[in-house]
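# Remarks on the overall topology
Single-letter residue listing:
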Amino acid sequence: MVARAILDGENRILSADPPIELLHIRAGGAASDRLAVAPIATIAQLARRLGIAVSRRVVVADDEGDLDLWVQARPETGQIRLSVSGWRDREAWKPSATPPDYAMAGADFRWETDAALRLISLSSDAGVRHGFDAKAMLGQPLNALFAFDQAAGGRLLADPVPLDGQGARLRPTDAPVRLSAAIRHDAMGGIAGLIGAAYLIDEAGEEAETVSPAGPPLTESFTNGLDRALRTPLARIVANADSIAAQGDGPVAAAYADYASDIAHAGRHLMGLVDNLVELQAIEQPDFKLASMPIDLADVTRRAAGLLAVRAEAAGVAIRRPGPSEGMGATGDFGRSLQILINLIGNALRYSPRGGEVVVTVEREDGWALTRVSDRGKGIEPEDQARIFEKFERVDPSEPGGNGLGLYIARRLARAMGGDLSVESIPGEGATFTFRLRAR
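Quick caveat, the model's predicted, so the values are computed rather than measured. Each residue is numbered by its place in its chain's sequence as written, counting from 1. Restriction of local features to residues with pLDDT of at least 70 applies here, the model being predicted, together with a cutoff of 80 or more for giving and counting side-chain atom pairs; totals for whole chains, interfaces and linings are based on all residues. The basis for the side-chain values is all heavy atoms of the structure; hydrogens and waters are excluded.

### Describing the packing of helix H1 (residues 18–26) against helix H10 (residues 297–307)
Keep this limit in mind: To get an axis, a line is fitted to the C-alpha atoms, and for a helix only the part in contact is used. The angle between two axes follows their N-to-C directions and goes from 0 to 180 degrees. Every helix listed is a DSSP run of H or I at least four residues long, and every strand listed is a run of E at least two residues long, numbered separately from the N terminus. When an angle is under 35 degrees it counts as roughly parallel; over 145 it counts as roughly antiparallel; between 65 and 115 it counts as roughly perpendicular; any other value is oblique. Only heavy atoms enter the contact rule, under which two residues are in contact if any of them lie within 4.5 Å. Under the grouping applied here, Gly and all other residues not named as nonpolar or charged are polar, the nonpolar ones being Ala, Val, Leu, Ile, Met, Phe, Trp, Tyr, Cys and Pro and the charged ones Asp, Glu, Lys and Arg.
Running from N to C, H1 and H10 point in directions that differ by 100 degrees, and their axes come no closer than 8 Å. In terms of orientation, H1 lies roughly perpendicular with respect to H10. Where H1 approaches H10, its residues Pro18, Glu21, Leu22 and Ile25 are matched on the opposing element by Arg303, Gly306 and Leu307. Its residues placed into classes, the contact of H1 with H10 shows four nonpolar, one polar and two charged.

Right under this line is the structure:
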């Protein structure tokens, strides 16, 4: 499939097929902005400067994954004509399963478990220094060494997850500790256990301050500073790494090209996290509101499905969406509603089997305008259906991409428009997400 676009002399989009428009929106661009997809914009700028057609392979971020694209930019009378083909999904970068040494700096001792969360390794001097028999602990469950509160312990034992400052107590001595850990994966990508570190808390007041699961909302000054401090250097890292990986400036050894590709993937992952943190700062303010205006929810739904058509085709999944004659008057914010529905339909595509179908419908119910997005994927366990709307929560942390913020942000946006976002699911049979706004 080939998608086309026309840019003006300042790289603003004059016209674009839906796939390119979606990439532009995901990169933070609006209708009047310059093309926000940096790798494609760079090729357009090069073609303009040289005055000749330029063709190159690029990798761009798309939601929680990456896309391999072939881009041709051709200058024509003050404009640039873009042709983008390829559109191959590429597995997103994900952090290493083993925390690097610097992530464990200052740890009092280290520990490791198998897939059943039985201890298989402890620092050699852990027991001597901290008052327990380390050898006797080997083979014991993790909760024989650490005492968790009921909620955290139950969740961890039911579904191993990474830990970041998790509060606990060292069971043999009742000393307060905080734990950090990452998931180890086996050769097939399954969960092989946890590898982590323990930090003893010396002062009574430190525990509440360090491991409290809730804290003040992100401040605007913090997220603005984070955005300024990280976005420019990350963009440079990604652009340079992509250039090395594409061997645009000359051949390099295959291993180095792969390293550069990994660097670019990691950079895009971090840029997505920065975007979401900036979004969080806005939506978590007590006075955050969205403009209410008349919209056609059926039209927004069709547009979101259309923007995801290329991804659906690549995944071998059909999208059944409302017909062009269907309308559904609602009150809300057009851009934010589109953002929510792109997230929901994108998730449904990700979890649908090849050859499957995502069904998107609109209906009116008791004064509400509803969009339902249904898939026939693996579904969501009942105990996880509330958790997926929390910050940094993912049902399966071993899956590539994502940071556990998409559904949390989507629900906050829906509620800021006076609506809501909910899920119904039967494990093994799929899930249905319902986005509701006040009917008009």
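### Observations concerning the packing of helix H12 (residues 334–351) against helix H13 (residues 406–416)
Our working rule: Left-handed describes a crossing whose near helix is turned anticlockwise from the far helix through less than a right angle; right-handed describes the clockwise counterpart.
Two elements in contact, H12 and H13, have axes separated by 10 Å at closest approach and are oriented at 145 degrees. Viewed along their axes, H12 and H13 form a crossing whose handedness is left-handed. Residues Arg336, Gln339, Ile340, Asn343, Leu344 and Asn347 of H12 form the contact with H13, whose own contacting residues are Gly406, Leu407, Ile409, Ala410, Leu413 and Ala414. Tallied by class, residues from the contact of H12 with H13 come to seven nonpolar, four polar and one charged.

### Some remarks on a nonpolar patch on the surface
Where we set the bar: Nonpolar side chains (Val, Leu, Ile, Met, Phe, Trp, Tyr) within 5 Å and like charges within 9 Å form the patches, drawn only from residues with over 30% relative accessible area and no salt bridge. Surface exposure here means Shrake-Rupley accessible area, sampled with a 1.4 Å probe, where a residue is shielded only by the protein chains that are shown. The salt bridge criterion pairs a side-chain nitrogen of Lys or Arg with a carboxyl oxygen of Asp or Glu, the two atoms within 4 Å.
The grouping of Ile244, Val252, Tyr256 and Tyr259 at the surface amounts to a nonpolar patch, some 420 Å² of accessible area in total. Structurally, Tyr259 is set in helix H9 (residues 254–283).

### Some points on H10
Counting along an α-helix, one turn takes 3.6 residues, and residues three or four places apart therefore face a common direction. Definition in use: Under the scheme applied here, a residue whose accessible area is under 20% of the maximum for its type counts as buried, over 50% as exposed, and between as partly exposed, the area being computed with a 1.4 Å probe on protein chains only. By the criterion applied in these results, polar contacts are pairs of N or O atoms within 3.5 Å in which, for protein atoms, one can donate a hydrogen and the other can accept it, and in which residues neighboring in sequence qualify only through two side-chain atoms.
Counting buried positions over the eleven residues of H10 gives nine, a clear majority of the element. For H10, every residue scored as buried is listed here: Leu297, Ala298, Val300, Thr301, Arg302, Ala304, Ala305, Gly306 and Leu307. If you check the start of H10, you find a side-chain oxygen 3.0 Å away from the backbone N of Ala298, and it comes from Asp296.

### Let's talk about the nonpolar core
The condition that has to hold: By nonpolar core is meant a set of buried Ala, Val, Leu, Ile, Met, Phe, Trp, Tyr and Cys residues that side-chain atoms within 4.5 Å join together.
In terms of nonpolar packing, the biggest core is built from 45 residues, with Leu297, Ile340, Leu344, Ile345, Leu421, Phe433 and Phe435 touching the most fellow members. Considering every element that reaches this core, the biggest residue donor is H12, with eight residues. Leave out the neighbours within four places in its chain, and Leu344 touches Val373, Leu407, Leu421, Phe433 and Phe435. Ala3, Ala47, Leu67 and Val310 belong to the second-largest nonpolar core, a separate cluster that totals 26 residues.

### Focus on the packing of aromatic side chains
For clarity, the cut-off: Between rings of Phe, Tyr and Trp, where Trp is taken as its six-membered ring, a pair exists when centres lie within 6.5 Å; planes separated by under 30 degrees are stacked, by over 60 edge-to-face, and by other angles tilted. Sitting over a ring, as applied to charges here, requires NZ of Lys or CZ of Arg to be within 6 Å of the ring centre and within 35 degrees of the ring normal.
Applying the stated criterion to the full structure yields four aromatic pairs. Relative to Phe433, the ring of Phe389 has its centre 6.2 Å away and its plane inclined at 70 degrees; by these criteria the two rings are edge-to-face. Of this pair, Phe389 sits in the loop between strand E16 (368–374) and H13 while Phe433 sits in strand E18 (residues 430–439), placing them 44 residues apart in sequence. Given the relative accessible area of 9%, Phe433 is considered buried. The ring of Phe389 is capped by Arg411, whose NZ or CZ atom sits 3.8 Å from the centre of that ring. The positively charged end of Arg436 is found above the aromatic ring belonging to Trp368, 5.7 Å away from the centroid.

### Remarks on the pairing of strand E11 (residues 191–200)
We apply this condition: Following DSSP output, two strands are said to pair if at least two bridges run between them.
The buried fraction of E11 is high, at eight of ten residues. Inspection of the sheet shows strand E6 (residues 109–113) paired to E11 by four bridges, in the antiparallel sense. Looking at the pairing, Glu112 lines up with Ile195 of E11. Strand direction decides the pairing type here: strand E10 (residues 175–185) and E11, joined by nine bridges, are antiparallel. Residue pairing across strands places Ala182 opposite Ile195, the latter belonging to E11.

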